[in-house]
Amino acid sequence: MTVTHVKLVSVPVSDQDRARDFYLDVLDFDLIFDNPMGPDGGRWIQVAPKGADTALTLVTWFPTMPPGSLKGLVLETDDLDADVARLRERGVDFPDGGIQTAPWGRYATYHDPDGNGIVLQSTRI
């Protein structure tokens, strides 16, 4: 095998504009692409954390992936406390109460506007 890394993860959303705005304005991701796709007016929207090798594509066209069905998307941070505070200021709710501690590190869980589950973590090395 010559696989070198994960390039894309598809995130199922109901409204691409709303999802794009969340990932750009709330999570501070970069917009990689927002291009027309296909004959039906579809769009290819790809976002990524600044400098990341792996990106997310915000999809509406997979019938087996309804909006909100993605769980366990894990984002790594160097400053969990500051990022959780920033996200709270931007209206993000942490349904489990905020930062949790595990043997492998610390984390906080939240959802995007469609209910896709995101884990923000700081791994203990």
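Going by an unreviewed UniProt entry, the protein carries the name VOC domain-containing protein and comes from Micromonospora solifontis.

## With respect to the sheet that holds strand 1 (residues 8-12)
Taken in spatial order, the 4 strands line up as 1-4-3-2 in an open sheet, and their pairing is mixed. One side of each edge strand has no neighbouring strand; the edge strands of this open sheet are strand 1 and strand 2 (30-37). Within this sheet the neighbouring strands show an average axis-to-axis angle of 25°, counted without direction. Relative to strand 4 (residues 55-59), strand 1 runs parallel, the two being bridged by 5 bridges. Paired with Ser-10 across the two strands is Thr-57, which belongs to strand 4. Along the sheet, helix 1 (residues 16-26) contacts strand 1, strand 2, strand 3 (42-48) and strand 4; its crossing angle with strand 3, the most-contacted strand, is approximately 10°.

## Let's talk about the pattern of salt bridges
In the structure shown here, the tally under the stated rule is 10 salt bridges. A salt bridge links Asp-30 to Lys-50; its shortest N-O distance comes to 2.8 Å. One end of the pair, Asp-30, is in strand 2; the other, Lys-50, is in the loop between strand 3 and strand 4, and 20 residues separate them in sequence. For Asp-30, a relative accessible area of 30% puts it in the partly exposed group. One salt bridge connects Arg-106 with Asp-81, and the closest N-O pair in it is separated by 2.9 Å. Placement of Arg-106 in strand 7 (residues 105-111) and of Asp-81 in helix 2 (residues 80-89) is noted, with a sequence separation of 25 residues between them. Each of Asp-17, Arg-20, Asp-21, Asp-34 and Arg-43 takes part in a single network of salt bridges with overlapping partners.

## Quick notes on the side chain of Asp-112
Inspection of the secondary structure assignment puts Asp-112 in the loop between strand 7 and strand 8 (117-123). Arg-18 provides the closest opposite charge to the buried, salt-bridge-free Asp-112, at an N-O distance of 6.8 Å. Among the polar contacts made by the side chain of Asp-112, one reaches the side chain of Tyr-23 at a distance of 2.9 Å. Ignoring any residue separated from it by four or fewer positions in sequence, one finds Asp-112 in contact with Val-11, Val-13, Phe-22, Tyr-23 and Ile-118.

## Description of helix 1
Every buried residue of helix 1 is accounted for by Gln-16, Ala-19, Arg-20, Phe-22, Tyr-23, Leu-24 and Val-26. Its side-chain oxygen 3.0 Å from the backbone nitrogen of Asp-17, Asp-15 forms the N-cap of helix 1. Where helix 1 terminates, the next one or two residues include Asp-28, which has phi positive at roughly 60°.

Conventions we followed
Residues numbered from 1 in each chain as written. Predicted model: local features only at pLDDT ≥ 70, side-chain atom pairs only at ≥ 80, totals over all residues. Heavy atoms only, no water. Pairing = 2+ DSSP bridges. Helix = DSSP H or I, 4+ residues; strand = E, 2+ residues; numbered from the N terminus. Axes fitted to C-alpha atoms, helices over the stretch in contact; angles between N-to-C directions. Contact = heavy atoms within 4.5 Å. Salt bridge = Lys/Arg side-chain N within 4 Å of Asp/Glu carboxyl O. Buried < 20%, exposed > 50% of the residue type's maximum accessible area, 1.4 Å probe, protein only. Lys, Arg positive; Asp, Glu negative; His and termini not counted. Polar contact = N/O pair within 3.5 Å; in protein donor to acceptor, adjacent residues only side chain to side chain.

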